[in-house]
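Summary of the model geometry
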Amino acid sequence: MPTIGLNFGHDGGAALAQPTGVHVIEGERQVGLRHVCGGNAGFAASVGDWVNRLHALARGPVTAVAVADWYTPACRILPGGLVELVSEDITWGRPGDALATSVLRPVKSVDWPLADGPAGPLPVIAVRHHYAHAALAYYTSGADKAIALALDGTGNYAECGMVCLGDGTSLTPVLSFSNRTGPRFGLVYEALARRVHGGQFDTGKLLGLAATGTVDAGLLPVLRTMLAGERARRAAPDLLAPLGGEAPAGSALRYEDTWYPYDEDAGGYLDGLLGDATDDDVVHSYGGVFPDEIRTPRGHRFLVGHSPGDPVCRNLAATLQAAVEEDLTHLVAGLHARWPGYPVLCYAGGCALNITANTRIAESGLFSRVHIPTCCDDSGIALGAALAVAAPQDRPAAGSEWPGAELAYGGPPLTARGPVRTGHTRTTLASDAALAEHVAGMLAGRKCVAWLGGGMETGPRALGHRSLLVSPHWAGARRHVSQTIKQREWFRPVAPLCPAEVAGTYFAGPLDHTDTMLFAVRVREEYAEQLAEVRHIDGTARLQTLHADRHPLLHRVCHAVARRTGLPILINTSANGGGRPILNDLGEALELLDTTALDAVVLADERTVIT
């Protein structure tokens, strides 16, 4: 029977899990504010309506409401029992050997409107943040035996990750990671992103910037020590690679006017000082502020700026990315060695949006497949909570031909909430073939179109349902769509779309992992010049491959464009203006058409082109 999930932290929202499929409502796309949380007035005023919509979509009475345990303190729409659990239950907060019993817990929900069902109050189950990530990854994978890894900045209790073992319908937590010891991949990445780009949620920008810098061998051991101190590395050398000869003795970090030298006893910089600090202090110290200056073991000093144009910032981004990749691949290899009978890795959490690190894992050969759900960040927490609580028969079945296919487009259909502007020309084509040829002609003529159809994508990537498309055959195409229309930074990459059957001609890499833009491939050298507009600075591309049976119309458009330009490839980026969530309303799409250099809006389901 159906289960509803709720997330009141950032990237909050609601979701429904039931035997016939999943449905995800991301709050930011309803409220119009990126990364919105339960403390936002618009969110609080709307969440009841979202829950009612999910009840209406349920194929039967909802049996439970699952609530992720991480929430913003500003939230005022929580069940009181959740607050008590998170703030007072030391067993839940410090599980130790009791981890398996500290991931799901019924909580009191007296007079909580969001738990009201048609037949009366519903049971409310609290779900630990990282267990929700792991449940999302495993139960949407189609696997029946897998390691589920969750890694992000933080949840409650300074927890930054969890490892679970998936066996059939069960998912058992076996390991918890803490920001007190590491791996602090998410927090340190967030701290540098705040420093360079100004916001906690700018880690994607930092990944793009990393390709513009150079790895500095002197900075590498310092950054690796920030990710995990040497004491923690010595305690679990199979998971956290020891620094060995790279130990940064003599190095130091400066925050404002205070230098923090490398502490031999604690094996880090802040580790010893934060031994008795609160969880919030630990998280803020590692994730809130990046050092103002770094002194390497050889005495070189790096003054850290605040701009993506600062060479030190660019080299720090490149070096931090190298450090994360090195330590993450060691961690994953260690998990594989500890639990060798699990052929699939299911990976979620904000760290799973790091596509170059994901590619290292996929190409390591350790696992037969690496599954990352499209909404692997906190936008999928509501659904992960619902899946964690749902009965086995109410989750997606194992053995799916395309794991995660339902989830990828599990958002709402396109809406038209307000009055639609008049004065546009609407052209409706008689067939799919006619629409494909019409749109291909526009794209070959250097036009940019918004392609809208089907259920909305879940997670931060546009995957051909809410996309801006332009052909890369002309110089300046990337700048036109990314900077002119979307007003994004120059170093942000765009993504190519390509029919799966010809992708190997143009790209190399893990082409069996390219359905959802969560892995990187390399542009083949012989096509580097032709594909300069989709090729990132480091020669990689965030490819999405199209299969004729899954995306028949868009697949047809690519081949129609190839007949005109010689390239069956399109630039794809999310349909939204600068700083706004991916749009899901026709009025917003027409506003983008009227206020930017966008040339057309294509309503694929209606075979209609609006100019």
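Please refer to the structure higher up on the page.
Residues numbered from 1 in each chain as written. Predicted model: local features only at pLDDT ≥ 70, side-chain atom pairs only at ≥ 80, totals over all residues. Heavy atoms only, no water.

1. Here's the deal with the overall build of the protein chain
Check the secondary structure of the protein chain and you find 19 helices and 28 strands. By the compact-globule yardstick of 25 Å for 611 residues, the protein chain fits well, its C-alpha radius of gyration being 24 Å. Projected onto its principal axes, the C-alpha coordinates of the protein chain cover approximately 75 × 65 × 45 Å. Looking at the 611 residues of the protein chain, the share that counts as buried comes to 60%. (Helix = DSSP H or I, 4+ residues; strand = E, 2+ residues; numbered from the N terminus. Rg over C-alpha atoms; globule rule 2.2 N^0.38 Å. Buried < 20%, exposed > 50% of the residue type's maximum accessible area, 1.4 Å probe, protein only.)

2. Here's the deal with the sheet that holds strand β20 (residues 466-470)
In spatial order, the strands read β18-β28-β27-β19-β20-β26-β21-β25; together these 8 strands make up an open sheet with mixed pairing. Strands at the two margins of the open sheet, each flanked by one partner only, are β18 (426-428) and β25 (544-546). For this sheet the average axis-to-axis angle between neighbouring strands, irrespective of direction, equals 30°. For strand β19 (residues 449-452) and β20, the ladder comprises 4 bridges, and the chain directions are antiparallel. When the bridges of β20 are listed, Ala-450 appears paired with Leu-468. The strands touched by helix α15 (residues 432-444) are β19, β20, β26 (570-574), β27 (600-603) and β28 (608-610); relative to β19, the strand with the most contacts, the crossing angle is about 150°. (Pairing = 2+ DSSP bridges. Axes fitted to C-alpha atoms, helices over the stretch in contact; angles between N-to-C directions. Contact = heavy atoms within 4.5 Å.)

3. A look at the sheet that holds strand β22 (residues 507-508)
On the basis of which strands lie adjacent, the open sheet formed by 3 strands has the order β22-β23-β24 and antiparallel pairing. The open sheet has two edge strands, β22 and β24 (540-541), and neither has a second partner. Where strand β23 (residues 521-523) meets β24, 2 bridges bridge the pair, whose relative direction is antiparallel. Along β24, the bridge assignment pairs Arg-522 with Thr-540.

4. Comments concerning helix α19 (residues 586-595)
Turning to α19, its buried residues number three or more, namely Leu-586, Gly-587, Ala-589, Leu-590, Leu-592 and Leu-593. Summarising the contacts, the buried residues of α19 are in contact with β19, β20, β27 and β28. A side-chain oxygen of the first residue of α19 lies 2.9 Å from the backbone nitrogen of Gly-587; this N-cap is Asp-585. (Polar contact = N/O pair within 3.5 Å; in protein donor to acceptor, adjacent residues only side chain to side chain.)

5. Comments concerning the side chain of Asn-576
Within the fold, Asn-576 resides in the loop between β26 and α19. In terms of polar contacts, Asn-576 uses its side chain to reach the side chain of Ser-574, at 2.6 Å. In this structure the side chain of Asn-576 is engaged in a polar contact, spanning 2.8 Å, whose partner is the backbone oxygen of Arg-580. Contact partners of Asn-576, with chain neighbours within four places excluded, come to Lys-486, Pro-581, Ile-582, Leu-583 and Leu-592.

6. Brief notes about helix α6 (residues 185-197)
Given a rise of 1.5 Å per residue, 13 residues ought to cover 18 Å, and the 18 Å separating the end C-alpha atoms of α6 matches this to within 8%. Extensive coverage of α6 is indicated by the burial of 12 of its 13 residues. For α6, the set of buried residues is Phe-185, Gly-186, Leu-187, Val-188, Tyr-189, Glu-190, Ala-191, Leu-192, Ala-193, Arg-195, Val-196 and His-197. Contact partners of the buried residues in α6: β9 (145-151), α7 (203-210), α8 (220-227), α10 (279-287) and α11 (311-338). One or two steps after α6, the chain reaches Gly-198, where phi turns positive at roughly 100°. (Expected span 1.5 Å × (residues − 1).)

7. Here we look at the packing of aromatic side chains
Under the definition given, this model contains 8 aromatic pairs. Ring centres of Tyr-255 and Tyr-260 lie 5.7 Å apart, and the angle between their planes is 70°; on these two criteria the pair is classed as edge-to-face. Judged by relative accessible area, Tyr-255 falls into the buried class, the value being 13%. Taking relative accessible area as the criterion, Tyr-260 reaches 24% and is therefore assigned partly exposed. Both rings, one in Trp-490 and one in Phe-491, keep their centres 5.5 Å apart while their planes meet at 90°; by these two values the pair is edge-to-face. Among the aromatic residues, ring-to-ring pairing joins Phe-8, Phe-43, Trp-50 and Trp-112 into one connected group. Geometry around Trp-92 places Arg-128 over its ring, the cationic atom sitting 5.9 Å from the centre. (Phe/Tyr/Trp six-rings, centres within 6.5 Å; stacked < 30°, edge-to-face > 60°. Lys NZ or Arg CZ within 6 Å of the ring centre and 35° of its normal.)

8. Here we look at the state of the cysteines
Per the stated rule, a full pass over the model turns up 0 disulfides. In this model Cys-164 remains outside any disulfide bridge; the closest cysteine sulfur is found in Cys-346, 10 Å from its own. On the basis of relative accessible area, Cys-164 is assigned to the buried category, the value being 0%. (Disulfide = S-S within 2.5 Å.)

9. Here's the deal with the environment of Leu-99
Here Leu-99 is to be found in the loop between α4 (90-93) and β5 (104-107). Sequence spacing of Leu-99 and Ser-364 is 265 residues, and the spatial spacing of their C-alpha atoms is 30 Å. Setting aside residues up to four positions removed in sequence, Leu-99 forms contacts with Met-162, Pro-173, Val-174, Leu-175 and Ser-176.

10. Comments concerning unusual backbone geometry
Residues other than glycine predominantly adopt negative phi, and peptide bonds predominantly adopt the trans conformation. A cis amide bond, omega 10°, links Gly-182 with the succeeding residue Pro-183. Within the fold, Pro-183 resides in the loop between β11 (170-178) and α6. At Asp-11, a position not held by glycine, the phi torsion is positive, near 55°. With respect to the secondary-structure elements, Asp-11 resides in the loop between β1 (3-7) and β2 (13-18).

11. Notes on the pairing of β26
Within β26, 5 of the 5 residues are buried, leaving the element largely enclosed by the surrounding structure. One ladder, built from 4 bridges, connects β20 with β26; its direction is antiparallel. Across the sheet, the residue bridging to Ser-467 is Ser-574, located in β26. Bridge count for strand β21 (residues 495-499) against β26 is 3 bridges, and the pairing is antiparallel. The residue of β26 that forms the bridge with Leu-497 is Leu-570.

12. Thoughts on the pattern of salt bridges
Enumeration over the complete set of coordinates arrives at 29 salt bridges. Residue Asp-49 is joined to Arg-53 by a salt bridge in which the shortest nitrogen-to-oxygen separation is 3.9 Å. With Asp-49 and Arg-53 both in helix α2 (residues 41-57) and 4 residues apart, the pair spans about one turn of that helix. A relative accessible area of 43% places Asp-49 in the partly exposed class. The shortest N-O distance in the salt bridge between Asp-238 and Arg-338 comes to 2.6 Å. Here the residue Asp-238 occupies a position in the loop between α9 (230-235) and β12 (252-255), and Arg-338 occupies one in helix α11, the gap between them amounting to 100 residues. For Asp-238, a relative accessible area of 31% translates into the label partly exposed. One salt-bridge network, held together by shared partners, links Asp-202, Lys-205, Glu-489 and Arg-492. (Salt bridge = Lys/Arg side-chain N within 4 Å of Asp/Glu carboxyl O.)

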